[in-house]
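Residue-level structural notes
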Amino acid sequence: MKVFRICGNDNSGKTTTLEYIVRDMTSRGFKIATGKDFTDLDFTIDKLGKNTMRHRIAGSKTVVARGLNETSLLVQRRMGLNEILKQLMNYDFCVLEGFNNAHLPKIITARTWEEVDSFLDSDTIAISGVIANDLTVSEYKGIPVFNGILSYKKLVELILEKVGECNLDDPSLKDRVDKELPPQPRRKTLSERRAAILEKENIKKAQAVKAASADSSRRMPKKIPSRKNPDQDSAK
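Residues numbered from 1 in each chain as written. Predicted model: local features only at pLDDT ≥ 70, side-chain atom pairs only at ≥ 80, totals over all residues. Heavy atoms only, no water.

**Brief notes about the overall build of the protein**
The cut-off we apply is this: Strands here mean DSSP runs of E at least two residues long; helices mean DSSP runs of H or I at least four residues long; both are numbered from the N terminus. A simple rule labels every residue: compare its accessible area, found with a 1.4 Å probe on the protein chains alone, to the largest value its type can have, and call it buried under 20%, exposed over 50%, or partly exposed in between. Each accessible area is a Shrake-Rupley estimate made with a 1.4 Å probe; only the visible protein chains count as cover when residues are assessed.
Assigned secondary structure in the protein consists of eight helices and nine strands. Residues classed as buried in the protein amount to 32% of the 236 residues present. Roughly 16100 Å² of accessible area belongs to the protein as shown, and the carbon and sulfur atoms make up 51% of that amount.

As structure tokens, then:
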């Protein structure tokens, strides 16, 4: 399997560039896998209140969620990239979005040349993204620049030329792709996770009761003051 990365800051064109590359490579008959790295500590694939989340809270280390059209394996830890790639060896290519700490061939996407410089290193094979909309620039510091939308076919040709086989059994490669992973935050205990979910559920219930009460108050008819009977006044 061959592996390369698309790296850049937010809104630099990473996903758009990936889409055009994957579509073209698929049309050429290649079997493609993709991966995206999230570094937000609050990110979770699972959703609060869903049954799969309840499985996790109960203590399951891996949760399998199967639908009619897809199957997901939710592993309760951050897997090393080398370990992930070993699950994908039946594919021709794996295209990674992010994974900035891995030392694998990469395409930089950026909005400014300063951003390009911050990602530029010996792993870089091409530059694309928003900055490549300037069609007057064909290379930067010896690295070819491709418009990922208009020149994606040329970019794919470069990928086929530059990206070689990834031997994950090579110990040195394992060191390269797995090093410098960000430190993992302390995992909350089961009781802490249960308490957090309970607290959020109680807040939602209280908000729902408050909203229902406010709605009921708006719908109640206003009290009309009683009018005096003129006959009673004349009798006096």
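**Overview of helix H2 (residues 51-58)**
At 3.6 residues per turn, the α-helix brings residues three or four places apart onto the same side. Which entries qualify depends on this criterion: Note: the arc covers the axis-to-C-beta directions of the helix.
Turning to H2, its buried residues number three or more, namely Thr 52, Met 53, Arg 56 and Ile 57. The buried residues of H2 occupy one face: seen down the axis, they fall within an arc of 140°. When the buried face of H2 is taken as reference, the exposed residues oriented beyond 90 degrees from it are Asn 51, Arg 54 and Ala 58. A positive backbone phi angle near 125° is found at Gly 59, which sits one or two residues after H2.

**Overview of helix H5 (residues 152-162)**
Here is the rule: By definition, residues are in contact when any of their heavy atoms lie within 4.5 Å.
By the burial criterion, the buried members of H5 are Leu 155, Val 156, Leu 158 and Ile 159. Down the axis of H5, the smallest arc covering the buried residues is 160°, so these residues share one side. In this structure, H5 carries Lys 154 and Glu 161 as exposed residues pointing more than 90 degrees from its buried face. In this fold, the buried residues of H5 make contact with strand E1 (2-7), helix H1 (14-27), strand E5 (93-97), strand E6 (106-109), strand E7 (124-128) and strand E9 (143-144).

**With respect to the packing of H1 against H5**
Here is the rule: Only the contacting stretch of a helix is used when fitting its axis, a line to C-alpha atoms as for every element, and angles between N-to-C directions run 0 to 180 degrees. Under this scheme an angle from 65 to 115 degrees is roughly perpendicular, one under 35 degrees roughly parallel, and one over 145 degrees roughly antiparallel; angles in between are oblique.
Direction vectors running N to C along H1 and H5 enclose 70°, while the axes themselves pass 9 Å from each other. In terms of their interaxial angle, H1 and H5 are classed as roughly perpendicular. For the pair H1 and H5, contact is made by Thr 17, Tyr 20, Ile 21, Asp 24 and Met 25 and by Tyr 152, Lys 153, Leu 155, Val 156, Ile 159 and Leu 160, respectively.

These figures capture arrangement, not role.
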